[in-house]
Amino acid sequence: MSEQSTTVPKAPKKDLWKDIKRHFSVYALLVIPVVYYAVLKYGPIVNGQIAFKNFLPMDGVWGSQWIGFKNFTSFFQSFYFGELLRNTLLYSLAKLCVSVPLSIILAVTLYECTVNWLRKVVQTLAYLPHFLSWVIMYGILLALLAPGDGMVNDIIKFFGGEAVDFLTNTKTFPAIVIISDAWKEMGWAAIIFIAALMGIDPSLFEAAMVEGASAVQRVWYITIPSIKPVIVTVVLLKLGRVLDAGFNQMFMLYSVPVYSVADIIDTWVYRQGLLQFEFALATAVGIFKGIIGMLLVMFSNKVVKKLADSSLL
């Protein structure tokens, strides 16, 4: 008896247009983000060539003279380059080291809280500052820290101390920047970790309680390891923007007396590149920041992958 050959029937090719018509509403949802990224993100990349040109508005992007890396060298050889890079990295890394742990602590605390009304109140108060602009936040900080009638200085003077001008003092200004950023963004950043906590299997906690594990032990040995991939992802994404130290915040808070500790790359670009119409220089700095961010993400991704067995790729 001859063996009959068996052939697996091939799956019919999908007709793309039929699939789009069948699921039109789903594909329609993609239109807005696709147009957004195409017009506002990928489209302007073409004009990034002015970083390598002596850009003159009258000549346009394509007609301006090509000067190579002169704009980059002008930035690197600037008298303030070392100070700008130091301040930018200081604030970015300090915010990362402060805001991420505080966000994790807040998320775990809200997750472990069993009093519903207390959890809702704390969530609302923690999320609210994120929706306030830095203009409003500056007004709040001024009301708290003003040397004349600020609430904090009133308390200091009540106990016999001398008023401190926190916002124009080079020693206190960095701490104000880091603390105010954590205050504003801590609650919003905690949402990601709360979502990760919701995915933990409750049976793990039940088993730990049966074994006699305390609340602290359950958090340390179950909660934190369970959300470790999310923590790694958040840290990697923030490292990619390590040269973005918060222009809006710094622009509102800094002043001439604290330029030495407050001036960052973005504020310098605003003054030199935009107010003086040096658009090519501003673009060159933007490309420099993008390259550094990409290299940091790639490097940190490899390091974390070896140490924590978790990465973006």
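Placed above this text is the structure.
Reading the values: the criteria
- Residues numbered from 1 in each chain as written.
- Predicted model: local features only at pLDDT ≥ 70, side-chain atom pairs only at ≥ 80, totals over all residues.
- Heavy atoms only, no water.
- Helix = DSSP H or I, 4+ residues; strand = E, 2+ residues; numbered from the N terminus.
- Rg over C-alpha atoms; globule rule 2.2 N^0.38 Å.
- Buried < 20%, exposed > 50% of the residue type's maximum accessible area, 1.4 Å probe, protein only.
- Contact = heavy atoms within 4.5 Å.
- Lys, Arg positive; Asp, Glu negative; His and termini not counted.
- Charge placed at Lys NZ, Arg CZ, Asp CG, Glu CD.
- Phe/Tyr/Trp six-rings, centres within 6.5 Å; stacked < 30°, edge-to-face > 60°.
- Lys NZ or Arg CZ within 6 Å of the ring centre and 35° of its normal.
- Axes fitted to C-alpha atoms, helices over the stretch in contact; angles between N-to-C directions.
- Parallel < 35°, antiparallel > 145°, perpendicular 65-115°, else oblique.
- Left-handed = near helix turned anticlockwise from the far one by under 90°.
- Nonpolar A, V, L, I, M, F, W, Y, C, P; charged D, E, K, R; others polar.
- 1 Å grid on protein atoms, 1.4 Å probe; cavity = no way out; pocket = protein on both sides within 12 Å on 5 of 7 lines; lining within 4 Å.
- Points joined across faces, edges and corners; volume = space filled by probe spheres on them.
- Core = buried A, V, L, I, M, F, W, Y, C linked by side-chain atoms within 4.5 Å.
- Salt bridge = Lys/Arg side-chain N within 4 Å of Asp/Glu carboxyl O.

1. What to know about the overall build of the protein
Within the protein, the regular secondary structure consists of 17 helices and two strands. Taking 2.2 N^0.38 as the reference for a compact globule, 313 residues should give roughly 20 Å; the C-alpha atoms of the protein span a radius of gyration of 26 Å, well beyond that estimate. Burial status across the protein gives 33% buried among its 313 residues. Sequence-distant contacts in the protein: of pairs separated by 6 or more residues, those separated by 24 or more amount to 61%. Put simply, the protein has 25 plus and 20 minus side-chain charges, and the middle of one group is 9 Å from the middle of the other.

2. Notes on the packing of aromatic side chains
On inspection of all chains with the given rule, the structure shows 22 aromatic pairs. Ring geometry for F247 against Y270: centres 5.7 Å apart, planes inclined by 55°, an arrangement best described as tilted. Here F247, found in helix α14 (residues 247-253), pairs with Y270, found in helix α16 (residues 265-275); they are 23 residues apart in sequence, far enough to count as distant. Given a relative accessible area of 26%, F247 falls into the partly exposed group. Members of the aromatic cluster, connected to one another through ring pairs, are F75, F76, F81, W268 and F288. Above the face of the Y259 ring, R271 is positioned so that its terminal group lies 4.8 Å from the ring centre.

3. Overview of the environment of S133
Its place among the elements puts S133 in the loop between α7 (116-127) and α8 (134-145). Judged by relative accessible area, which is 36%, S133 ranks as partly exposed. Here the alpha-carbon distance between S133 and N248, two residues 115 residues apart in the chain, equals 8.8 Å.

4. Some thoughts on the packing of α8 against helix α10 (residues 173-197)
The contact between α8 and α10 brings their axes to 12 Å, and the two run at 125°. The orientation of α8 with respect to α10, classified from their angle, is oblique. Once α8 is placed against α10, the crossing between them reads as right-handed. For the pair formed by α8 and α10, the contact residues are W134, M137, I140, L141 and L145 on the first element and I176, S180, D181, W183 and K184 on the second. Classifying every residue of the contact of α8 with α10 by side-chain character gives seven nonpolar, one polar and two charged.

5. Side note on the layout of surface pockets
The probe, sized like a water molecule, is rolled over the atoms to show the empty space still left. Of the volumes computed, that of the largest pocket is approximately 880 Å³. In terms of lining, the largest pocket is formed by 25 residues, of which the most central are D181, E185, K238, R241 and D244. For the lining of the largest pocket, the secondary structure elements donating two or more residues are α6 (81-112), α10 and α13 (228-239). Its volume calculated, the second largest pocket comes out at about 330 Å³. Every residue along the wall of the second largest pocket is listed here: Y37, L40, K41, P44, I45, N47, G48, I50 and T283. Examining the composition of the lining of the second largest pocket, we find that three residues originate from one element, helix α3 (residues 31-42), more than from any other. Across the lining of the second largest pocket, the residue classes tally to five nonpolar, three polar and one charged.

6. Structural notes on the nonpolar core
I104, A107, F193, L197, I200 and I227 are the most contacted members of the largest nonpolar core, which totals 23 residues. Listed by contribution, the elements that provide at least two residues to this core are α6, α7, α10, α11 (202-210), α12 (215-226) and α13. Of the residues forming this core, the biggest block, seven residues, is contributed by α6. Counting residues in each nonpolar core, the second largest holds 18 residues, with Y91, F166, M250 and Y254 among its members.

7. Concerning the pattern of salt bridges
Tallying each qualifying case throughout the model produces seven salt bridges. Among the ionic pairs, D19 bridges to R22, the shortest N-O distance being 3.8 Å. Taken together, the positions of D19 and R22, both in helix α1 (residues 16-22) and three residues apart, correspond to about one turn of that helix. Using a relative accessible area of 16% as the deciding quantity, one classes D19 as buried. Salt-bridge contacts for K184 lead to E185; the nearest nitrogen and oxygen are separated by 3.2 Å. A relative accessible area of 5% means that K184 is categorised as buried. Take E185: its relative accessible area is 23%, and that puts it in the partly exposed class. Via salt bridges that share partners, R241, D244, D266 and K289 belong to a single interconnected network.

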